[in-house]
Amino acid sequence: MKQLADGLHQLAGFPPNAINVYLMGDVVVDAASRHAARRILRQLRGKRVAAHALTHAHPDHQGSSARLCRELGIPYWCGAGDVAAAESGDIVRYQPDRPINQVMHRLMSGPGHPVDRSLREGDEVAGFTVVEVPGHSAGHLAYWREGDRTLVLGDVINNMDVRTGIPGLHEPPAAFTPDPARNRASARRLAALEPALVCFGHGTPLRDTARFVDFVAALPE
Ligand SMILES: [Zn+2]
């Protein structure tokens, strides 16, 4: 795993930077697809891990969640609005009714797992503050650390075209986003924080405040 900031590491994934998992202090943030469990557990060996938190309960973020929580004996945390999806594992029920979501669900989703703590705006997780940023999912969260302006924002913005893998800033595709207008409002809220480091669910971390802020500012009203 690679250190991005004080107490923030990005685990190695395959392909690199395509589906990101972070170790934020002693909290594992996101769990990729259900095929990633062994790779994640291997990298966490010897590390202190106290909990697992999601940015949002989608197939490529909760896939290995149940296994991580069971094998590491750690609690499962997610946004209040995503608890039902995370616990049932019935992810497609909460996504737009598009065939692609059925495909992703079959390919990547993991089983549901009981949520031990539903996170809300202002909660503290490993030195980061929870920011509620709904739109891409009902309970989508970002994690913000004011001290060094570090932001872990899940899929509010992608730093990769998730369909082609080509790097670059994008809004998440509408097919995966129940409420694109709300997601865009969430992106504006995050851009207003002027983060110095942005860590995405998809794509490489970005240390260019202006590029992130300008991208969001240029989005249509
Ligand atoms: Zn995603």
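Now for a description of the structure that goes with this document. Here, residues in each chain are numbered from 1, in the same order as that chain's written sequence. Note on the predicted model: pLDDT of at least 70 is required for a residue's local features to be given, and 80 or more for side-chain atom pairs to be given and counted; whole-chain, interface and lining totals, by contrast, use all residues. Values reported for side chains reflect all heavy atoms of the structure, with hydrogen atoms and water molecules removed beforehand.

1. Structural notes on the environment of Arg39
To keep things clear, this is the line we draw: Numbered from the N terminus, helices here are DSSP runs of H or I no shorter than four residues, and strands are runs of E no shorter than two. In what follows, residue pairs with any heavy atoms lying within 4.5 Å of each other are defined as contacts.
The topology assignment puts Arg39 in helix 1 (residues 37-44). For the pair Arg39 and Ile100, spaced 61 residues apart in sequence, the C-alpha separation works out to 26 Å. Setting aside anything within four residues of it in sequence, one finds Arg39 in contact with Ala12, Gly13 and Phe14.

2. Observations concerning unusual backbone geometry
The phi angle of most residues is negative, glycine excepted, and most peptide bonds adopt the trans form. Residue Phe14 is joined to Pro15 through a cis peptide bond whose omega torsion reads -10°. Relative to the helices and strands, Pro15 resides in the loop between strand 2 (8-10) and strand 3 (22-24). A positive phi angle, near 50°, is found at Ala126, a position not held by glycine. Among the structural elements, Ala126 can be located in the loop between strand 8 (124-125) and strand 9 (128-132). Phi is positive for Glu194, close to 50°, though the residue is something other than glycine. With respect to the element layout, Glu194 can be found in the loop between helix 6 (180-191) and strand 14 (197-200).

3. Overview of the environment of Val130
Residue placement: Val130 occurs in strand 9. Separated by twelve residues in the primary sequence, Val130 and Ala142 place their C-alpha atoms 6.0 Å from one another. Here Val130 is in contact with Leu119, Arg120, Glu121, Gly122, Asp123, Val125, Leu141, Ala142 and Tyr143, once residues within four sequence places are set aside.

4. Looking at the sheet that holds strand 6 (residues 76-79)
Rules: Two strands make a pair as long as DSSP finds a minimum of two bridges between them. Under this scheme, a helix contributes an axis fitted over its contacting stretch, all axes are lines through C-alpha atoms, and angles between N-to-C directions fall in the 0 to 180 degree range.
Judged by pairing direction, the sheet is mixed, and its seven strands sit side by side in the order 1-2-3-4-5-6-7 without closing on themselves. The open sheet has two free edges, formed respectively by strand 1 (2-5) and strand 7 (117-119), since each of these has just one partner strand. Across the sheet, the mean angle separating the axes of adjacent strands is 30° when strand polarity is ignored. Note: strand 2 against strand 3, three bridges, orientation antiparallel.

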